[in-house]
Amino acid sequence: MQRSQQRADTPPGHVVVIGGGIAGLAAAHRLVATGVRVTLLEATDRLGGKLMTGEIAGVQVDLGAESMLARRPEAVALAEEVGLADRLQPPATATASLWTRDALRPMPKGHVMGVPGDPAVLGEVLSPEGLARIAEERDLTPTAVGDDVAVGAYVADRLGREVVDRLVEPLLGGVYAGDAYRISMRAAVPQLFDAVQEGGPLLDAVRRIQERAAARQQTGPVFQGIAGGIGTLPAAVGDAVRAGGGEILTATPVLGLTRTESGWAVRTDARTIAADGVVLAAPAWSAATLLAAESPAASAELSGVEYASMALVTLAFRRADIEAHTALRGRSGFLVPPVDGHTIKASTFSSNKWQWVADAAPDLFVLRTSVGRYGEEDHIHREDGELVAVSLRDLAAATGLTARPVDTEVTRWIGGLPQYPVGHLARVARIRDAVAGLPALRVCGAVYDGVGIPACVASAHRAADEILRDLAENPGGSTGMNPARIDGEIAGEIIATPTRVRGTGSEAGQ
Ligand SMILES: Cc1cc2nc3c(=O)[nH]c(=O)nc-3n(C[C@H](O)[C@H](O)[C@H](O)COP(=O)(O)OP(=O)(O)OC[C@H]3O[C@@H](n4cnc5c(N)ncnc54)[C@H](O)[C@@H]3O)c2cc1C
């Protein structure tokens, strides 16, 4: 849709979205729905970022994110809006286990990110000493939380290290691939942060959270998958963006971002695109590079965001070969407390968890393991064969599985998950304050308000709505260009020759 063809009620302007992960796609989808002109630029040759499908033994499975929290509406709503409502599918079983103290044990119920409300349910998971330590909590003086506190430090202080090492680490670490002793309670478990600020024992705080959740009487599945894979969501959103008139360019890394008199000059290696607004939906390191010239403060904060890298090892077995292993039956998988020194951090039994995987390959049993977390990333640089071998070794120890896989696939996610250490929300506030000083530019994605898909979609919607408001308030697009920053006059829609922009020339992308 050309600017001259826009409807009279269409918001003025052209918005460039940088990054074609789920956040950038959700932002573009929100923007095209208003009729605004949108161009999305993705560095790699495919959409989706951390959402990706691939094949194992001829079956399509997720090789990245595989499920969406459904108790938050944003991700499921997006899937419904782009035509995937009839492919939404909750897990067929949610019976997860912990591989702890040398056995697969049922994951205790009634906890908030591994923090228990009732120690009675922990009998199998903790040692008698660990349980006795929990009972001491009522005699302890209060632990200060201040502006923020590390989840692990606080819980260890109140309930003992065993609760952290055997419950909080595998659960919280599973989401962030992080270290519970560094992760911010305020950012990662905000409901717990609010509840402990009310005072009293931690066990009581957890029970209050559970009572409030029960009072909300939420029904329906807690998680949803998509038949064919969560990795099919990006293409569906991309199709909807194109159908709404948006333009999507893959294999188009953005190399520079410069303010102009009328908005922004977005430089790729082939051309420079004039934009009235920009949604920056790239990971922190890339956003830091792109903002270096126009917002050194935001760039410096973004440069400080650390990431964890991990590998997923997907294995397909002949179903007949695993029938004898009862440990593989009925479970969705298991989590592994790092304290036990095993290499794998978790395993998902995809053929049990997702009916669509079982239906697609009834004669196969597909599972995956994850390896690597923040500060323990050496493993992921091992050869594929070694990662398969250590996965099989740990699986054998946990489940007794000795069968050989018929196919294997190793997927490395370098810089897969941003870390949310203590003070992360203050950092995010400083980033947002800094970019608020720039006209019609907003940031979104996993760096800011949560790493889960619904949180990424929510941050994208916020960014899109704020850009639309900026454009409506300032339809002329005057942005106070610093003329010293740009070598050529940027005018018109697209300038074919790359414009040299000082200070933003480094490579961006993943
Ligand atoms: C292995 C793994 C499993 C996960 N499992 C789950 C799960 O089951 N459920 C869940 O809710 N969450 C899960 N997550 C987290 C979730 O998938 C991510 O946090 C989320 O998808 C991030 O989306 P995003 O759009 O912010 O970033 P990304 O997916 O990283 O997308 C950013 C995009 O920007 C592009 N880009 C970067 N620089 C530039 C540039 N200069 N120009 C143009 N493009 C650029 C990148 O190529 C990329 O495509 C998982 C994450 C990982 C790594």
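Reading the values: rules and limits
- Residues numbered from 1 in each chain as written.
- Predicted model: local features only at pLDDT ≥ 70, side-chain atom pairs only at ≥ 80, totals over all residues.
- Heavy atoms only, no water.
- Core = buried A, V, L, I, M, F, W, Y, C linked by side-chain atoms within 4.5 Å.
- Buried < 20%, exposed > 50% of the residue type's maximum accessible area, 1.4 Å probe, protein only.
- Helix = DSSP H or I, 4+ residues; strand = E, 2+ residues; numbered from the N terminus.
- Contact = heavy atoms within 4.5 Å.
- Pairing = 2+ DSSP bridges.
- Axes fitted to C-alpha atoms, helices over the stretch in contact; angles between N-to-C directions.
- Near = heavy atom within 4 Å.
- Polar contact = N/O pair within 3.5 Å; in protein donor to acceptor, adjacent residues only side chain to side chain.
- Areas by Shrake-Rupley, 256 points an atom, 1.4 Å probe, with all protein chains shown as cover.
- Nonpolar A, V, L, I, M, F, W, Y, C, P; charged D, E, K, R; others polar.
- Domains from an automatic or database assignment.
- Patch = residues over 30% accessible without salt bridge, like charges linked within 9 Å, V, L, I, M, F, W, Y side chains within 5 Å.
- Salt bridge = Lys/Arg side-chain N within 4 Å of Asp/Glu carboxyl O.
- Buried area = accessible area lost by both parts, 1.4 Å probe.
- UniProt positions renumbered as here; feature names shortened; annotations may be inferred.
- pLDDT = per-residue confidence, 0-100.

S.K.: Help me understand the nonpolar core in this model?
M.R.: Note on soluble globular proteins: their nonpolar side chains tend to be buried together. By size, the foremost hydrophobic cluster in this structure holds 60 residues, and its most contacted members are V155, V168, L172, M185, L192 and L202. Broken down by element, the residue count for this core peaks at seven residues, all from helix 5 (residues 161-176). Contact partners of L172, with chain neighbours within four places excluded, come to M113, V151, A177, A180, I183, A188 and V189.

S.K.: Explanation requested: the sheet that holds strand 12 (residues 247-249) in the structure shown.
M.R.: Whether parallel or antiparallel, the strands of a sheet pair through hydrogen bonds between backbone atoms. Taken together, the five strands give an open sheet; going across it, the order is 12-2-1-16-22, and neighbouring strands pair in parallel fashion. The sheet terminates laterally at strand 12 and strand 22 (441-443), the two strands that pair on one side only. Sheet twist, expressed as the mean angle between neighbouring strand axes with direction ignored, is 15 degrees. Bridge analysis of strand 2 (residues 37-41) against strand 12 gives three bridges, and the strand direction is parallel.

S.K.: Quick question: what am I supposed to make of the site of the ligand here?
M.R.: Close to the ligand lie 40 residues, the nearest being E42, K50, S67, S286 and V451. Interatomic distance of 2.9 Å between a backbone N/O atom of V254 and a nitrogen atom of the ligand. The separation between a nitrogen atom of the ligand and a polar side-chain atom of S286 is 2.8 Å. Starting from 1000 Å² of accessible surface for the ligand in isolation, the protein chains cover 92%. Only helix 1 (22-33), helix 10 (284-291), strand 17 (307-318), strand 21 (407-418) and helix 17 (453-473) provide two or more residues apiece to the shell around the ligand. Considering each element in turn, the shell around the ligand owes the most residues, three residues, to strand 21. Within the shell around the ligand, the residues separate by chemical class into 22 nonpolar, 15 polar and three charged. Both domain 1 (3-49 + 231-305 + 421-495) and domain 3 (307-418) contribute no fewer than three residues apiece to the shell around the ligand.

S.K.: How should a nonpolar patch on the surface be read in this particular structure?
M.R.: The grouping of L69, V222 and F223 at the surface amounts to a nonpolar patch, some 210 Å² of accessible area in total. Topologically, V222 is positioned in the loop between helix 8 (202-216) and strand 11 (223-226).

S.K.: What am I meant to see in the domain arrangement of the protein chain here?
M.R.: Note on interface size: it is often stated as the accessible area lost on association of the parts. Along its sequence, the protein chain is organised into domain 1 (3-49 + 231-305 + 421-495), domain 2 (107-216) and domain 3 (307-418). Inter-centroid distance (C-alpha atoms) of domain 1 to domain 2 is 38 Å. Opposite the six residues of domain 1 that make contact, domain 2 presents 10 residues. Here domain 1 packs against domain 2, burying approximately 590 Å² in sum over the two surfaces, 73% of which is carbon and sulfur. Considering only the side of domain 1, the residues that lose the most area to domain 2 are P421, V422 and L425, jointly responsible for 69% of the buried surface there. The interface formed by domain 1 and domain 2 contains zero salt bridges. Seen at the junction of domain 1 and domain 2, the total is two residue pairs in polar contact (both at pLDDT 80 or more). Residue composition of the side of domain 1 that touches domain 2, by class: four nonpolar, two polar and no charged.

S.K.: What is the right way to look at the UniProt feature "domain: Amine oxidase" (unreviewed entry) in the protein chain in this model?
M.R.: What UniProt calls "domain: Amine oxidase" (unreviewed entry) maps, in this numbering, to residues 22-468. Structurally, residues 22-468 is divided into 37% helix and 22% strand, and its ends, taken at the C-alpha atoms, are 19 Å apart.

S.K.: Just to check I follow, could you spell out the confidence of the model for the protein chain for this structure?
M.R.: Reading predicted coordinates in detail is not appropriate for stretches of low pLDDT. With 91% of its residues at a pLDDT of at least 70, the protein chain reaches an overall mean of 90. Confidence drops under a pLDDT of 50 for residues 478-510, and excluding neighbours within four residues, the segment shows 81 contacts in the predicted structure.

S.K.: Sorry, what's going on with the environment of P421 here?
M.R.: Along the chain, the position of P421 falls in the loop between strand 21 and helix 16 (424-436). Given a relative accessible area of 22%, P421 falls into the partly exposed group. For the pair formed by P421 and V149, sequence separation is 272 residues and the distance between their alpha carbons is 9.0 Å. The residues touching P421, leaving out its near neighbours within four places in the chain, are R182, I183 and S184.

S.K.: Can you help me understand the sheet that holds strand 21 in this one?
M.R.: Taken in spatial order, the seven strands line up as 8-7-18-19-20-17-21 in an open sheet, and their pairing is mixed. Two strands bound the open sheet, and with one partner strand each, they are strand 8 (103-106) and strand 21. Here the average twist between neighbouring strands, direction ignored, is 30 degrees. Taken together, the four bridges between strand 7 (residues 96-100) and strand 8 define a ladder with antiparallel strand orientation. Its bridge partner lying in strand 8, L98 is registered against R105. The strands touched by helix 15 (residues 384-399) are strand 7, strand 8, strand 17, strand 18 (333-335), strand 19 (344-348), strand 20 (364-371) and strand 21; relative to strand 17, the strand with the most contacts, the crossing angle is about 70 degrees.

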